[in-house]
Amino acid sequence: MPRSGLDPAAVVAAGADLADEVGFANLTMGLLAERVGVRTPSLYKHVGGQEDLNRRIAARALGEAADAVGGAALGHAGRDALAAAARAFRAFVLAHPGRYAATIGTEPAGPDDPLAVAGERLLGAFTAVLSGYEIPESDADHALRTLRSLCHGFATLQADNGFQWSSGIDESFDWLIAFTDRGLRATARRT
């Protein structure tokens, strides 16, 4: 009999929180069982195992990131939308480094996979940001990949304490936003 109050959503939420605390690479079914107060085999009533747990955490993280990015950019356009979305994404990764790490390299099983659905929502939020730049259709995928790479790279480096040599990290991030804005505007002018 499953423990009262424990269901798949609660198990995944606890797993995501634990991943943020101990690091995604260190998340195990045993640690999660201890966290939720059950024996490890009891978790299999709620998730199909470590891989299933990891995929569910990844889908949850992509959905949460999509909500953060989309909500921040809503009502803004151009550089303002870019700045709001980039800052929201960075804040999400810094607050949830473990669950965000679950999203890297995890591939959807198909178009209806919750992972694919959540990933499309996040891409949609970034696509909305780019709509204010009038990027040519032929460059849209490149612009999305560039934007994601810049935001992802900066945020994950910061989350992993990769900027040890100096202070002024916020100023560097503002510089990245300005740099990206100039590049996107130049791309739009090119056509």
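Before reading further, recall that the structure is shown in the block above.
Conventions and cut-offs
- Residues numbered from 1 in each chain as written.
- Predicted model: local features only at pLDDT ≥ 70, side-chain atom pairs only at ≥ 80, totals over all residues.
- Heavy atoms only, no water.
- Core = buried A, V, L, I, M, F, W, Y, C linked by side-chain atoms within 4.5 Å.
- Buried < 20%, exposed > 50% of the residue type's maximum accessible area, 1.4 Å probe, protein only.
- Helix = DSSP H or I, 4+ residues; strand = E, 2+ residues; numbered from the N terminus.
- Phe/Tyr/Trp six-rings, centres within 6.5 Å; stacked < 30°, edge-to-face > 60°.
- Axes fitted to C-alpha atoms, helices over the stretch in contact; angles between N-to-C directions.
- Parallel < 35°, antiparallel > 145°, perpendicular 65-115°, else oblique.
- Left-handed = near helix turned anticlockwise from the far one by under 90°.
- Contact = heavy atoms within 4.5 Å.
- Nonpolar A, V, L, I, M, F, W, Y, C, P; charged D, E, K, R; others polar.
- Salt bridge = Lys/Arg side-chain N within 4 Å of Asp/Glu carboxyl O.

Caption draft 1: Spatial organisation of the nonpolar core. With 55 residues, the main nonpolar core has Leu32, Leu43, Leu53, Phe89, Leu122 and Phe126 as its most contacted residues. Elements with a contribution of two residues or more to this core: α1 (8–22), α2 (29–36), α4 (50–73), α5 (78–95), α7 (114–131), α8 (140–159) and α9 (169–189). Per element, the largest residue contribution to this core is 10 residues, and it comes from α4.

Caption draft 2: Fine view of the packing of aromatic side chains. Counted under the stated rule, the structure contains five aromatic pairs. Judged by centre distance (5.5 Å) and plane angle (90°), the rings of Phe89 and Tyr100 are edge-to-face. Taken together, the residues span a long stretch of sequence, with Phe89 in helix α5 and Tyr100 in helix α6 (residues 97–101) at a distance of 11 residues. The pair formed by Phe89 and Tyr100 is uniform in burial state, with each residue classed as buried. Ring geometry for Phe154 against Phe163: centres 4.8 Å apart, planes inclined by 40°, an arrangement best described as tilted. In this structure Phe163 comes out as buried when scored by relative accessible area, which is 17%.

Caption draft 3: Just the packing of α1 against α2, in detail. The geometry of α1 relative to α2 is characterised by a closest axis approach of 10 Å and an angle of 110° between their N-to-C directions. One element, α1, and the other, α2, form an angle in the roughly perpendicular class. Where α1 crosses over α2, the two elements pack in a sense that is right-handed. Seen from α1, the contacting residues are Val11, Ala14, Gly15, Leu18 and Glu21; seen from α2, they are Leu31, Leu32, Arg35 and Val36. Grouping the constituent residues of the contact of α1 with α2 by class yields six nonpolar, one polar and two charged.

Caption draft 4: Molecular detail of unusual backbone geometry. One non-glycine residue, Glu134, lies in the positive phi region at around 55°. Position of Glu134 relative to the elements: it lies in the loop between α7 and α8. Glu134 sits in the exposed class, given a relative accessible area of 67%. Phi angles above zero are rare outside glycine, and Asn161 is one such case at about 60°.

Caption draft 5: Structural context of the pattern of salt bridges. Scanning the entire structure with this criterion turns up 11 salt bridges. Measuring nitrogen to oxygen at the nearest pair gives 3.1 Å for the salt bridge that ties Arg56 to Asp52. Linking Arg56 with Asp52, this pair stays in helix α4, spanning four residues, or about one helical turn. The exposure class assigned to Arg56 is partly exposed, which follows from its relative accessible area of 33%. Via salt bridges that share partners, Asp17, Asp20, Arg60, Glu64 and Arg99 belong to a single interconnected network.

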